[in-house]
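Structural overview for review
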Amino acid sequence: MSVNKDVRRVTTHTLQEMKNKGEKIAMLTAYDYTMAGIVDKAGIDVILVGDSASNVMAGHETTLPITLDQMIYHASSVVRACNRSLVVVDMPFGSYQGNSKEALNSAIRIMKETGGHAVKLEGGEEIIESIKRILTAGIPVMGHLGLTPQSIYKFGTYQVRAKEEEEAERLIHDAKMLADSGCFAIVLEKIPAQLAKRVAESVHVPVIGIGAGNQVDGQVLVLHDMLGITEGFTPRFLRKYANLGEQMTTALEQYVADVRNVDFPNEKEQY
Ligand code: KIV
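Definitions and cut-offs
- Residues numbered from 1 in each chain as written.
- Predicted model: local features only at pLDDT ≥ 70, side-chain atom pairs only at ≥ 80, totals over all residues.
- Heavy atoms only, no water.
- Helix = DSSP H or I, 4+ residues; strand = E, 2+ residues; numbered from the N terminus.
- Rg over C-alpha atoms; globule rule 2.2 N^0.38 Å.
- Buried < 20%, exposed > 50% of the residue type's maximum accessible area, 1.4 Å probe, protein only.
- Phe/Tyr/Trp six-rings, centres within 6.5 Å; stacked < 30°, edge-to-face > 60°.
- Lys NZ or Arg CZ within 6 Å of the ring centre and 35° of its normal.
- Near = heavy atom within 4 Å.
- Polar contact = N/O pair within 3.5 Å; in protein donor to acceptor, adjacent residues only side chain to side chain.
- Areas by Shrake-Rupley, 256 points an atom, 1.4 Å probe, with all protein chains shown as cover.
- Patch = residues over 30% accessible without salt bridge, like charges linked within 9 Å, V, L, I, M, F, W, Y side chains within 5 Å.
- Salt bridge = Lys/Arg side-chain N within 4 Å of Asp/Glu carboxyl O.
- Domains from an automatic or database assignment.
- Contact = heavy atoms within 4.5 Å.
- Axes fitted to C-alpha atoms, helices over the stretch in contact; angles between N-to-C directions.
- Left-handed = near helix turned anticlockwise from the far one by under 90°.
- Nonpolar A, V, L, I, M, F, W, Y, C, P; charged D, E, K, R; others polar.
- Pairing = 2+ DSSP bridges.

1. Looking at the overall build of the protein chain
When helices and strands are tallied, the protein chain shows 11 helices and 8 strands. Computed over the C-alpha atoms, the radius of gyration of the protein chain is 20 Å, within 12% of the 18 Å expected from 2.2 N^0.38 for a compact globule of 271 residues. In terms of overall dimensions, the protein chain has C-alpha extents of about 65 × 40 × 40 Å along its principal axes. The 271 residues of the protein chain split such that 49% are buried.

2. As for the packing of aromatic side chains
Applying the stated criterion to the full structure yields 1 aromatic pair. Sitting over the face of the ring of Phe 155, Arg 161 holds its NZ or CZ atom 4.0 Å from the ring centroid.

3. Here's the deal with the site of the ligand
Residues in contact with the ligand, as listed here, are Thr 29, Leu 48, Gly 50, Asp 51, Ser 52, Asp 90, Lys 120, His 144, Val 187, Glu 189, Ile 210 and Val 222. At 3.0 Å from an oxygen atom of the ligand is found a side-chain nitrogen or oxygen belonging to Asp 51. The contact in question runs from an oxygen atom of the ligand to an N or O atom on the side chain of Ser 52, over 2.5 Å. With the chains in place, 95% of the 260 Å² that the ligand exposes on its own is no longer accessible.

4. Observations concerning a nonpolar patch on the surface
Residues Tyr 255, Val 256, Val 259 and Phe 264 make up a contiguous nonpolar surface patch of roughly 350 Å² in combined accessible area. Examined against the element boundaries, Val 256 turns out to sit in helix 11 (residues 244-260). Judged by relative accessible area, Val 256 falls into the partly exposed class, the value being 36%.

5. Digging into unusual backbone geometry
The phi angle of most residues is negative, glycine excepted, and most peptide bonds adopt the trans form. A cis geometry characterises the amide bond from Phe 264 onward to Pro 265, with omega recorded as -10 degrees. Looking at where Pro 265 falls in the secondary structure, it is placed in the segment after helix 11. For Ala 162, which is not glycine, the phi dihedral falls at a positive 60 degrees. On the secondary structure map, Ala 162 appears in the loop between helix 7 (152-155) and helix 8 (165-181). Positive phi outside glycine occurs at Val 262, with the angle close to 50 degrees. Mapped onto the elements, Val 262 comes out in the segment after helix 11.

6. Structural notes on the domain arrangement of the protein chain
When cut into domains, the protein chain gives domain 1 (12-240) and domain 2 (243-271). Between domain 1 and domain 2, the C-alpha centre-to-centre distance is 38 Å.

7. What to know about the environment of Arg 260
Mapped onto the elements, Arg 260 comes out in helix 11. Sequence spacing of Arg 260 and Ile 66 is 194 residues, and the spatial spacing of their C-alpha atoms is 39 Å.

8. A short note on the pattern of salt bridges
Taken as a whole and judged by the stated rule, the model has 9 salt bridges. The closest approach of N and O atoms between Asp 217 and Lys 19, which form a salt bridge, is 2.9 Å. Pair noted here: Asp 217 is in the loop between strand 7 (207-210) and strand 8 (218-221) and Lys 19 is in helix 1 (residues 12-21), with a separation of 198 residues, a long-range link. We note that Asp 217, like Lys 19, is buried.

9. Section: the side chain of His 74
Residue placement: His 74 occurs in helix 4 (residues 68-81). Under the relative-accessibility criterion, His 74 is labelled buried at 11%. When residues no more than four places from it in sequence are discounted, the contact partners of His 74 are Tyr 31, Val 49, Ala 53, Met 57 and Ile 66.

10. A closer look at the packing of helix 4 against helix 5 (residues 100-114)
One way to put it is that helix 4 packs onto helix 5 with a least axis distance of 9 Å and a crossing angle of 35 degrees. Our pair here, helix 4 against helix 5, has a crossing hand that is right-handed. Only Ser 106, Arg 109, Ile 110, Glu 113 and Thr 114 of helix 5 make contact with helix 4, whose side of the interface consists of Leu 68, Asp 69, Ile 72, Ala 75, Ser 76 and Val 79. The residue inventory of the contact of helix 4 with helix 5, partitioned by class, reads 5 nonpolar, 3 polar and 3 charged.

11. Brief notes about the sheet that holds strand 5 (residues 141-146)
Strand order around the closed barrel formed by 8 strands is 1-2-3-4-5-6-7-8, with parallel pairing between neighbours. Across this sheet, the average inter-strand angle for adjacent strands is 25 degrees, counted without regard to direction. Bridge analysis of strand 5 against strand 6 (residues 185-189) gives 5 bridges, and the strand direction is parallel. Residue pairing for strand 6: Leu 145 is matched across the bridge by Leu 188. Helix 8 contacts strand 5 and strand 6 of the sheet and is inclined by roughly 180 degrees relative to strand 5.

Structure below.
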């Protein structure tokens, strides 16, 4: 795929302008070159190379096992396909929680080795030193609050977060801290819609929701979930825009039948 120089790249400034003008931001995940090219051409503003690659690409139960090297492999494939979208790369579990120097080193590796445009980290006040250090190096940071899947063993469940006042207040405090520290956007995952609205009104930076209602500045979904490729994942917030899994199965079954019946290849499909 050649780089189209006429396409204007979405930047962190574009996203801020969109929030200021009340234009909604469309974000999706991608993990490989071919899918990322399709997503980029469709006009998606932000592509997240999510650590959900651990589930979607590698079949792990959680996002914890994916490594920094594996994220770098996915992200560099995605970046090669993108002309327009801003590419944000998830920092995987274990690559930033240790201390801020380790966090900075991991973020620098991501930026150098993938060509991505920003990194995303899960957490609030407890990782603020790391976020500030990464920002000081000139690397844009996206925050992620609410249901943070890297902490699944602390939560014990993937249910809605911050339903109680205490957790809700802490989340608002964390969101303000992330925004004031210089994060260019914040993802809110699986929290009550009213709380997400309060956060979006309380911070100046774009707030992107997944399972957080529509009173925020944009939405993100996992690509394979919204295309109906993954099976058995049906949370209330997930709208399926296609049933590609079924279509693929039908096509594959047809191929098997054609091979068995010596219907493929036919005379026009051979040399
Ligand atoms: O890894 C991921 O896909 C994410 C989104 C769910 C926001 O972090």
